[in-house]
Amino acid sequence: MDSEVQNVSAMEDVTSTALFNAMDSVKEYYTPLLVLFGLSGNLLVLFRLFSTSLHRLHFTAYLIGLCFIDCLFLVLLLIFWLQYHNVWLYHIPGWCQGLTMLGFICNALAVWFIAGLASEALLTVRSPFQSGVWWPAWRPRFMAMVMTIIAVIVYLNVCLLYA
């Protein structure tokens, strides 16, 4: 009976080691590819929005904010990935709290910008000819700025309380 338990334990160790090695190789190669393609796609979208008159439309304020937030999150992901190559930016005193707070802010704002974009689409689909009257062009920009300020205040308080 003991030999069977030891055999099962040895097989579990081999399996967990193989899984751990597979996850290391995924972290090693997948993360920089994700950052590269994500940043290039977001920068391409930002270039397209700003090179045409699309940036003047009311709903693109959320898209522009979402692209900036996603780019910032991808840069944070690259900074976290660099610690596997002995670049310890995350472990500098003060940077840990700041980068963690920026990650929280990016996650919260990504959700709220998508919710704002969905509400814009709902208003436009519900009454396409009156959406400009109910929802002027300056209001989504104002709402995106208010969401950003609220997220910074909330997560700054959280980071200061638990730092």
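Parameters at a glance
- Residues numbered from 1 in each chain as written.
- Predicted model: local features only at pLDDT ≥ 70, side-chain atom pairs only at ≥ 80, totals over all residues.
- Heavy atoms only, no water.
- Phe/Tyr/Trp six-rings, centres within 6.5 Å; stacked < 30°, edge-to-face > 60°.
- Helix = DSSP H or I, 4+ residues; strand = E, 2+ residues; numbered from the N terminus.
- Buried < 20%, exposed > 50% of the residue type's maximum accessible area, 1.4 Å probe, protein only.
- Expected span 1.5 Å × (residues − 1).
- Contact = heavy atoms within 4.5 Å.
- Patch = residues over 30% accessible without salt bridge, like charges linked within 9 Å, V, L, I, M, F, W, Y side chains within 5 Å.
- Areas by Shrake-Rupley, 256 points an atom, 1.4 Å probe, with all protein chains shown as cover.
- Salt bridge = Lys/Arg side-chain N within 4 Å of Asp/Glu carboxyl O.

Caption draft 1: Molecular detail of the packing of aromatic side chains. For the coordinates displayed, the defined rule picks out four aromatic pairs. Residues tyrosine 62 and phenylalanine 113 carry aromatic rings whose centres are separated by 6.3 Å and whose planes lie at 55 degrees to one another, so their mutual orientation is tilted. You can see tyrosine 62 sitting in helix α2 (residues 60-82) and its partner phenylalanine 113 sitting in helix α3 (residues 95-126), a full 51 residues away along the chain. The pair formed by tyrosine 62 and phenylalanine 113 is uniform in burial state, with each residue classed as buried.

Caption draft 2: Spotlight on α3. Spanning 32 residues, α3 covers 46 Å between terminal C-alpha atoms, matching the ideal 46 Å at 1.5 Å per step. Among the residues making up α3, those that are buried are Leu99, Met101, Gly103, Ile105, Cys106, Ala108, Leu109, Ala110, Phe113, Gly116, Glu120 and Leu123.

Caption draft 3: Broad picture of the side chain of threonine 60. Take threonine 60: it is sitting in helix α2. Non-local contacts of threonine 60, meaning those with residues more than four positions away in its chain, are made with Leu49, Leu54 and His55.

Caption draft 4: Structural detail: a nonpolar patch on the surface. On the surface, Val26, Tyr30 and Leu34 cluster together into a nonpolar patch covering about 270 Å² of accessible area. With respect to the helices and strands, the residue valine 26 is situated in helix α1 (residues 2-51).

Caption draft 5: Structural view of the environment of leucine 54. Looking at the secondary structure, you find leucine 54 in the loop between α1 and α2. For leucine 54, a relative accessible area of 33% puts it in the partly exposed group.

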